[in-house]
Amino acid sequence: MFSFIWWWMWLLLPLPYIVRKLLPRVTTQSTVQLPTLPKGIEQVPSLSISRVTVISLLWVSLLTAAARPVWYGDPVQTQPLHRDLMLTVDLSGSMSQQDMLVDGDYVDRLTSVKSVLSEFISKRKGDRLGLVLFADHAYLQTPLTFDIETVSEQLNRTVFGLVGKLTAIGEGIGIATKTFINSEAPQRVIVLLSDGTNTAGVIEPLEAAQLAQKSDVTIYTVGVGAGEMKVKSFFGSRTVNTAQDLDESTLTKIAEITGGQYFRARNQQDLNDIYEKINALEPIASSKQTWRPSSEWFRFPLMLALLLSVSVFIVRSRDV
């Protein structure tokens, strides 16, 4: 959108015409007697149409520059109040267990988590998100960013064995908490998902949770695993517990220490419901600010006015 900030400068447009009409004409006070007239002196000098056009264009250019023309770009919407949310995902070997029921079929836990988390991420527009993966050790896969599409892409690219096969829950919490050191967000949240017991890492889960609590970080923990289910074998069906390694006690304490909650997911529908609840517990900031990028264009008519002034000066110099 194009606009003039000082639009009232256009009220000066008829000023040269008014001045010309109001000022008295210049009259000759004395005459000079000459025996003969120089050649061409009988012609009365007058402004040609082209010269009047150039001078008028010069005046319009000066007024255009004085009125401050500005070009406004498309509106840009920002949310000054945002949350910092780290997704901390277990990538240990047990995440390959195919016990998550989806539309009547069983898929591995990681595939189910990717599907649900991608939907969760898409609803967090306006917040900064990051991704931490942990197995033998924890790694910062994606730093905190407003680019939620990148976070989703990084999550979907994860594969089994990327960071090992063990379970370093404490390190996952520690790395996620460390990303909040320079954060000025009013709310800092970790959503930790795991299907096992802490078997690796240099820090215990509860110790890491206490450090998170001191940094005003809230942790929501999600335990994954179907639990008891019937499995067909050569000798018939038998009941197995696919979540026997899940340390629900530790995950519950981690959430309690930091003021969060523990959730249990036995299938993909449970996961969907859990992340919907977390969305409700940690709603996205609703306050928004809208601004439009602007660009001052006064320099262009000012340059034109300068060029026209030079041309008028050159023409008048030749006439003298």
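Relevant structure appears above.
Let me begin by describing the structure that accompanies this report. (Residues numbered from 1 in each chain as written. Predicted model: local features only at pLDDT ≥ 70, side-chain atom pairs only at ≥ 80, totals over all residues. Heavy atoms only, no water.)

### Observations regarding the sheet that holds strand 1 (residues 2–4)
- What the three strands build is an open sheet, ordered 1-2-15; its pairing is antiparallel. Taken across any chain shown, the strands that pair with only one partner, and hence form the sheet edges, are strand 1 and strand 15 (294–296). Strand-to-strand, the axes of this sheet are offset by a mean angle of 30 degrees, without reference to chain direction.
- Of the pairings in the sheet, the one linking strand 1 to strand 2 (residues 69–72) comprises three bridges and is antiparallel in character. Residue Phe-2 lies in a different strand from strand 2, and its bridge partner there is Trp-71. (Pairing = 2+ DSSP bridges. Helix = DSSP H or I, 4+ residues; strand = E, 2+ residues; numbered from the N terminus. Axes fitted to C-alpha atoms, helices over the stretch in contact; angles between N-to-C directions.)

### Comments concerning the environment of Val-224
- With respect to the secondary-structure elements, Val-224 resides in strand 10 (residues 217–224).
- Looking at Val-224, the relative accessible area reads 0%, which means it is buried.
- Remark: the alpha-carbon pair of Val-224 and Gly-196, spanning 28 residues in sequence, is separated by 8.3 Å.
- Not counting the four nearest positions on each side in its chain, Val-224 is found in contact with Met-100, Arg-109, Leu-193, Ser-194, Asp-195, Leu-246, Ala-265 and Leu-271. (Buried < 20%, exposed > 50% of the residue type's maximum accessible area, 1.4 Å probe, protein only. Contact = heavy atoms within 4.5 Å.)

### A word on the sheet that holds strand 8 (residues 138–145)
- What the six strands build is an open sheet, ordered 8-7-4-9-10-13; its pairing is mixed. A single partner strand is all that each edge strand has here, and the edge strands are strand 8 and strand 13 (262–265). Going from strand to strand, the sheet's axes swing by 15 degrees on average, the running direction of each strand aside.
- In this sheet, strand 8 lies alongside strand 7 (residues 128–134) in antiparallel orientation, the contact comprising five bridges. Bridge pairing links Val-132 to Leu-140 in strand 8.
- The sheet strands contacting helix 7 (residues 248–258) are strand 9 (187–194), strand 10 and strand 13, and the helix crosses strand 10 at an angle near 160 degrees.

### With respect to the packing of helix 5 (residues 169–178) against helix 6 (residues 205–214)
- Here helix 5 crosses helix 6 at 15 degrees, and the two axes come no closer than 7 Å. Here helix 5 lies roughly parallel to helix 6, going by the angle between them. Note on packing geometry: the crossing formed by helix 5 with helix 6 is left-handed. Facing Ile-169, Gly-170, Ile-173, Gly-174 and Thr-177 of helix 5, the residues of helix 6 in contact are Pro-205, Ala-208, Ala-209, Leu-211 and Ala-212.
- Of the residues contributing to the contact of helix 5 with helix 6, the split by class is seven nonpolar, three polar and no charged. (Parallel < 35°, antiparallel > 145°, perpendicular 65-115°, else oblique. Left-handed = near helix turned anticlockwise from the far one by under 90°. Nonpolar A, V, L, I, M, F, W, Y, C, P; charged D, E, K, R; others polar.)

### Quick look at the environment of Glu-282
- Within the secondary structure layout, Glu-282 lies in the loop between helix 8 (268–281) and strand 14 (289–291).
- Look past the residues within four positions of Glu-282 in its chain and what remains in contact with it is Arg-83, Arg-124, Gln-187, Val-189 and Tyr-220.

### Considerations on a nonpolar patch on the surface
- Taken together, the side chains of Phe-2, Trp-71, Trp-297, Phe-300 and Met-303 make up a nonpolar region of the molecular surface, amounting to roughly 530 Å² of accessible area.
- Position of Phe-2 among the secondary structure elements: in strand 1. (Patch = residues over 30% accessible without salt bridge, like charges linked within 9 Å, V, L, I, M, F, W, Y side chains within 5 Å. Areas by Shrake-Rupley, 256 points an atom, 1.4 Å probe, with all protein chains shown as cover. Salt bridge = Lys/Arg side-chain N within 4 Å of Asp/Glu carboxyl O.)

### Describing helix 6
- Turning to helix 6, its buried residues number three or more, namely Pro-205, Ala-208, Ala-209 and Ala-212. Burial along helix 6 is one-sided: seen end-on, the buried residues are contained in an arc of 105 degrees.
- Buried residues along helix 6 sit in contact with helix 5, strand 10 and helix 7.
- Downstream of helix 6 by one or two residues, Asp-216 has phi in the positive range, about 60 degrees. (Arc of directions from axis to C-beta.)

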